[in-house]
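Given next are the chains, with one letter for each unit.
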Amino acid sequence: MGRYAFYPGCAAKGASKELYESTIAVAEKLGIELVELPQFSCCGAGVLEEVKEAVDLAVNARNLAYAEKEGLDIVTVCSTCLLVLRKTKYLLDNDEDLKEEVNEILSEAGLEYKGTVDVKHFHWVLLEEFGEEGLRKRVVKPLSNLKVYPYYGCHTVRPESILGFEPSENPQSLEKIIKALGAEPVSGERRLECCGFHAFWPAPKMSMKLTGLNLLDARRNGANCMTTPCPLCHMNLDANQSRALKEVGESFKLPVLHVPQLVGLALGIEPKKLGLHRNIVPVNY
Amino acid sequence: MEKREVLFRIKRFNPKKDEKPYFQEYKLTVPKGMTVLEALQQIKDTQDPTLAFRAFCRSAICGSCAVKVNGFPKLACKTQIFNELDKFGTDTLTLEPLDNMEIIRDLIVDWDKPFKRMEEMKPWLVPDPEVVPKTLDEESRVYPNELKKFDSFTDCILCTSCFSSCTATQIDENYGGPFQLARVYRFAVDPRDALKAERSKIGYAFDMWNCVRCNKCADVCPKHISPVDGIMKLRGLSIDVGLKDNPGARHVMAFYKSLLESGMLNEVLLPLRTKGIKGVLENLPVGIKMILRGKAHSPVMKPIGEHETLIKVMKAAMEVE
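Residues numbered from 1 in each chain as written. Chains lettered and ligands numbered in written order. Predicted model: local features only at pLDDT ≥ 70, side-chain atom pairs only at ≥ 80, totals over all residues. Heavy atoms only, no water.

A. Spatial organisation of the overall build of chain A. Along its length, chain A carries 12 helices and 8 strands. Scaling as 2.2 N^0.38, a compact globule of 285 residues should have a C-alpha radius of gyration of about 19 Å, and chain A matches this with 19 Å. For chain A, the C-alpha atoms occupy an extent of roughly 55 × 45 × 30 Å along the three principal directions. The proportion of buried residues among the 285 residues of chain A is 69%. When the accessible area of chain A is evaluated, it comes to approximately 9700 Å², of which 45% is carbon and sulfur surface. With 33 positive and 38 negative side-chain charges, chain A shows a separation of 9 Å between the mean positions of the two kinds. (Helix = DSSP H or I, 4+ residues; strand = E, 2+ residues; numbered from the N terminus. Rg over C-alpha atoms; globule rule 2.2 N^0.38 Å. Buried < 20%, exposed > 50% of the residue type's maximum accessible area, 1.4 Å probe, protein only. Areas by Shrake-Rupley, 256 points an atom, 1.4 Å probe, with all protein chains shown as cover. Lys, Arg positive; Asp, Glu negative; His and termini not counted. Charge placed at Lys NZ, Arg CZ, Asp CG, Glu CD.)

And the structure:
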């Protein structure tokens, strides 16, 4: 199995601790070696670009440079971190002048960006390493009779020019994982819509309405729960669920699991190790 | 040549006689390489002369033929049918008019709303008298490094694909729109323009901070422009010209501060730093639940490994031109 530089991102280190716990547990169970580099910093979630593009690029080139030193591809569990890191790589690898400019900045700290490592999402790695069939073979507690709404959110799929793991208009990675676990994917028309997280501070009502509509779509498609590869989507869908549903005139409880939590249950990992007790909307497993 | 029998489900609507839009089905034998526009023309010529769609240049440059193909905005003239069928594993192609605009008839939408919005945002050059010569005898030069900042945004063909797919446009009536805001940015960094970064105040007035960064605009643009990038840079310019006392700008500075302090985002202080006491109170019920479930870190954070290299890099980056 592969060895990767693990980039958990701020959410998994803080407000989405259960994502960190479940990722580590699943990786251990499957024999994927995750090496967390202590030098990794926050990616700036894209908003650093609003301070100054050079700051955004330099901070993330620094992150990439530390992974390059170890010779390890980066694996992250946050979709926004994924986009920000991949975008930095994309821009620097396709513009020699820009790369030189950024390397001049990095040289202040004795670092260099070369472009030798890739950045992947944890659930991409699950499919790359095991495939649907390989995952199915490792399932000890199939999630039979469970209808799961695959909620992709934005930054695992868009823009395709930068993410590129699967077609952004019809991704299937989550459906494949859900099926491999023995559950049934119930995909609805909002599986690729935005949860509004990144406008939460300037426009909370808008953000909550979008999240409410997504929850409603999952409910209408008969989902018993939702799963998402993004901790920021998760924060809106789970922690802010009652507020979001209020915005669309609804009130119900729909459990939302991080992808590694769902995978972990099927692999027979004890729920506590998956941090399921931390989800705001209770999960009955 | 490879051929396939394709079922076209086309959304029809004539506001003069139909109560609401409905789907009509047509069957067509499609050879490999045929575009959506060629198919539409063939259906109109051989099966249904009443079918209405807009098209002109057939070369992906006039921007008139954008429609939704299996749910996503595309230029009909540059979209090959086989590629779309393969992507969705189907032999059915669903064609609909673009979203966020009124339907005039069938696949033709009314562009008044997005274009009027663009006009309100003044996306034209206001010559800077210190830069632009008074007569045509002299040239007004733009150097390659200056052009690089806005070059891609000049490729916009006003097809409104991004406007159709924009999440913020769907929800916020006052939102400027992706191609419109990107155009404001385009002039804000044009060295010949007199208003320059001050133009970001126009973006501010048109809710640019409400962009949810869903990146749909970047994904659907047939000219590979990324309006969202222009919008984010326009936000940055607004901070530069002093629009700092708002949640969007404060949120940005909270990240910057966190990175300098510890290298990781201080989530616990984020509500306070972004929205002050109001931010704390609004999020208190959720915050308490999260604390009770052990989802909050200490407000004082331990710095990351080799934090000093991050500080050096950030400071050096701030000094770059």
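Next comes the rest of the description.
B. Broad picture of the overall build of chain B. The helix and strand tally for chain B stands at 14 helices and 7 strands. The buried share of chain B, taken over its 321 residues, is 51%. For chain B, the accessible surface area stands at approximately 15600 Å², while carbon and sulfur atoms represent 54% of it. The averaged location of the 44 negative side-chain charges in chain B is 4 Å from the averaged location of its 49 positive side-chain charges.

C. Region of the structure containing the environment of T90 of chain B. Residue and element names in this part refer to chain B. For T90, the position within the fold is in the loop between α2 (81–88) and β5 (92–96). Residue classification places T90 among the partly exposed positions, given a relative accessible area of 24%. On a C-alpha basis, the gap between T90 and L7 in space is 9.5 Å, while along the polypeptide they are 83 residues apart. Once residues within four sequence positions are removed from consideration, T90 is found in contact with R4, N70 and L85. (Contact = heavy atoms within 4.5 Å.)

D. Representation of the domain arrangement of chain B in the model. Segmentation of chain B into domains returns domain 1 (3–108), domain 2 (111–240) and domain 3 (247–320). Computed over C-alpha atoms, the centres of domain 1 of chain B and domain 3 of chain B are 48 Å apart. (Domains from an automatic or database assignment.)

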